[in-house]
Amino acid sequence: MPVFHVEMRWRCSACQQENLGRFKDCQQCRKPKDGEPFYDAPEGAAPTVAQAVVDEQLIRQATAGADWSCKFCGSHQRRDSGLCGNCGADQSGAAREAKYDGAQAAPQPKSKKDWPGRGWAIAMGVMASVLTTILFFSWVLRTREVRAEIVARSWEHKVLVERYKIVASEGFETPSDAFDVVNQGQRFHHNDKVQDGTTRESYSERVACGQECTTTPTRCTTNNNGFKTCTGGDQKCSTKYCSETRYREVPRYKDVPVHKDYFSWKAWRWAHERDVVESGTEESPRWPSDDSVALEKNCGPKEKERADRRAIYRVVFKEEDGAKHEFTAQTLEQFQELALGESRTIRVTANHEVTLVP
Ligand SMILES: [Zn+2]
Ligand SMILES: [Zn+2]
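Being a predicted model, the structure only gives us computed values, none of them experimental.

## Focus: the overall build of the chain
Phase 1: A count of helices and strands for the chain gives five helices and 16 strands.
Phase 2: A globule of 358 residues ought to have a C-alpha radius of gyration of about 21 Å, yet the chain, at 51 Å, is considerably larger.
Phase 3: In terms of overall dimensions, the chain has a C-alpha envelope of 145 × 70 × 30 Å along the principal axes.
Phase 4: Taking the intrachain contacts of the chain between residues at least 6 apart in sequence as the baseline, contacts between residues at least 24 apart amount to 69%.

## Examining the nonpolar core
Phase 1: Core analysis: the largest hydrophobic core is formed by nine residues, namely Phe4, Val6, Met8, Trp10, Phe38, Ala62, Cys220, Phe227 and Cys230.
Phase 2: Counting residues in each nonpolar core, the second largest holds six residues, with Phe317, Phe327, Ile346 and Val348 among its members.

## Re the domain arrangement of the chain
Phase 1: The assigned domain composition of the chain is domain 1 (3-97) and domain 2 (151-165 + 274-356).
Phase 2: One C-alpha centre belongs to domain 1, the other to domain 2; they are set 110 Å apart.

## Observations concerning the environment of Arg30
Phase 1: Examined against the element boundaries, Arg30 turns out to sit in the loop between β3 (18-20) and β4 (38-39).
Phase 2: Put simply, Arg30 and Ala14 are 16 residues apart on the chain and 9.7 Å apart in space, counted from C-alpha to C-alpha.

## Some remarks on the sheet that holds β4
Phase 1: Pairing is antiparallel across the open sheet formed by three strands, whose spatial order is β3-β2-β4. Looking along the sheet, the strands with just one partner apiece sit at the ends: β3 and β4.
Phase 2: Where strand β2 (residues 9-11) meets β4, two bridges bridge the pair, whose relative direction is antiparallel. Along β4, the bridge assignment pairs Arg9 with Tyr39.

## Points about the pairing of strand β1 (residues 3-7)
Phase 1: Buried residues dominate β1, accounting for four of its five residues.
Phase 2: The pairing of β1 with strand β11 (residues 227-231) spans five bridges and is antiparallel. Its bridge partner lying in β11, Glu7 is registered against Phe227.

## Structural notes on the environment of Gln91
Phase 1: Tracing the sequence through the fold places Gln91 in helix α2 (residues 91-94).
Phase 2: Measuring from C-alpha to C-alpha, the distance between Gln91 and Ser69 comes to 8.9 Å, with 22 residues separating the pair along the chain.
Phase 3: Setting aside residues up to four positions removed in sequence, Gln91 forms contacts with Trp68, Gly82 and Leu83.

## A word on the sheet that holds strand β5 (residues 68-70)
Phase 1: Strand order across the open sheet formed by three strands is β6-β5-β7, with antiparallel pairing between neighbours. Edge strands, defined here as strands with exactly one partner in the open sheet, are β6 (76-77) and β7 (95-97).
Phase 2: Relative to β6, β5 runs antiparallel, the two being bridged by two bridges. From the neighbouring strand, Trp68 faces β6, where its bridge partner is Gln77.

## Examining the pairing of strand β13 (residues 304-319)
Phase 1: Sheet analysis places strand β8 (residues 144-171) next to β13, joined by 16 bridges and oriented antiparallel. Bridging from a neighbouring strand, Arg163 pairs with Glu305 of β13.
Phase 2: Of the pairings in the sheet, the one linking β13 to strand β14 (residues 324-329) comprises six bridges and is antiparallel in character. The residue bridging Phe317 from the neighbouring strand is His325, located in β14.

## Re unusual backbone geometry
Residues apart from glycine generally show negative phi values, whereas peptide bonds are mostly found in trans.
Phase 1: Of note in this structure, Ala294 is not a glycine but carries a positive phi near 50°.
Phase 2: By the element assignment, Ala294 lies in the loop between α4 (290-293) and β13.
Phase 3: Within the chain, Glu296 stands out as a residue other than glycine whose phi angle is a positive 60°.
Phase 4: In this structure, Glu296 sits in the loop between α4 and β13.

## Notes on helix α3 (residues 118-140)
Phase 1: With 23 residues, α3 should reach 33 Å at 1.5 Å per residue; the first-to-last C-alpha distance of 33 Å fits that figure.
Phase 2: Little of α3 sits out of view: just zero of its 23 residues are buried.

## Quick word on the confidence of the model for the chain
Phase 1: Residues at a pLDDT of 70 or more form 95% of the chain, whose mean pLDDT is 90.
Phase 2: By mean pLDDT, the top-scoring element of the chain is β13 (96), and the lowest-scoring one is β7 (83).
Phase 3: Confidence drops under pLDDT 50 across residues 102-112; counting only partners more than four residues distant or on other chains, this segment forms nine contacts.

## What to know about the environment of Glu149
Phase 1: With respect to the helices and strands, the residue Glu149 is situated in strand β8.
Phase 2: For the pair formed by Glu149 and Cys70, sequence separation is 79 residues and the distance between their alpha carbons is 109 Å.
Phase 3: Once you skip the residues sitting within four places of it in the chain, Glu149 turns out to touch Phe317, Lys318, Gly341 and Ser343.

Definitions and limits used
Residues numbered from 1 in each chain as written. Chains lettered and ligands numbered in written order. Predicted model: local features only at pLDDT ≥ 70, side-chain atom pairs only at ≥ 80, totals over all residues. Helix = DSSP H or I, 4+ residues; strand = E, 2+ residues; numbered from the N terminus. Rg over C-alpha atoms; globule rule 2.2 N^0.38 Å. Contact = placed C-beta atoms within 7 Å. Core = buried A, V, L, I, M, F, W, Y, C linked by C-beta atoms within 7 Å. Buried ≥ 20, exposed ≤ 12 C-beta atoms within 10 Å, placed from the backbone. Domains from an automatic or database assignment. Pairing = 2+ DSSP bridges. Expected span 1.5 Å × (residues − 1). pLDDT = per-residue confidence, 0-100.

Shown next, in the form of structure tokens:
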């Protein structure tokens, strides 16, 4: 920030002549200056850079220090003058502090000090809310261990039978072992994206459009010698950006349908044939009998069958407060250990997943 000095004015109390700050006696009636206050020129307006004194001698005078008051004749004199210009007294023996009525210095803006504990208080507040959130979620998503009674149990034994047989299929691609292949004609396969001219599209771009300038505020303090020393008043400029609409050509596409030959065929495949299920609530589950599964009993020529077994063992636990939890036993042994009416300790997650506590 630039530092500059501006000259003030004072008004002669005898003849009312306005005098420049540099003079220590009235330029009209020659009365030595005494207690007349200095004021800004023009009166009431804040000093500007344009008013800065450039003459080297005036700058020296502005920075020489406050005027002194002669204790013999009362006149005000420049700090850099050794003798009183009015009565000739020596500054070293005659100087008093020059006193002016009223505050010459611009009032200093009070700096607002942050409350010293403020940062800590904010940090503590954030920590408290994070802890509360963690506690809340750990309570909601908590895994509980409870004592519960077995109130229901059921089992299901399923035999899944697959048969190797002639299966009819269709599609664009025929497998190598297909037979009785029939071309069903052309069918829609997919759409190709094909460019079909261009479209004009608008977009916005940031472009420089002149300057944006701010002037830093001017702050001055009186030197009590007819001058003020000021800082600020300089301009800071930055490039200003505007949004501008522009246009460009972008390719446009259209869908072009592609057709391909479609076939039907037959092939030997393993395919799901039937499920045979036994279920119940008894202590000891049983599998469907060989008679009811009837593997390869009804096969045609060259056909084969194979079977796969699936078991599901369900147990329902009931808490003292009535809440029920379904549990699936992993093995028949585990299912048989969980007898009706027995009490066990179980672990229940927030997702109602149940595990046994050994
Ligand atoms: Zn005068
Ligand atoms: Zn004097």
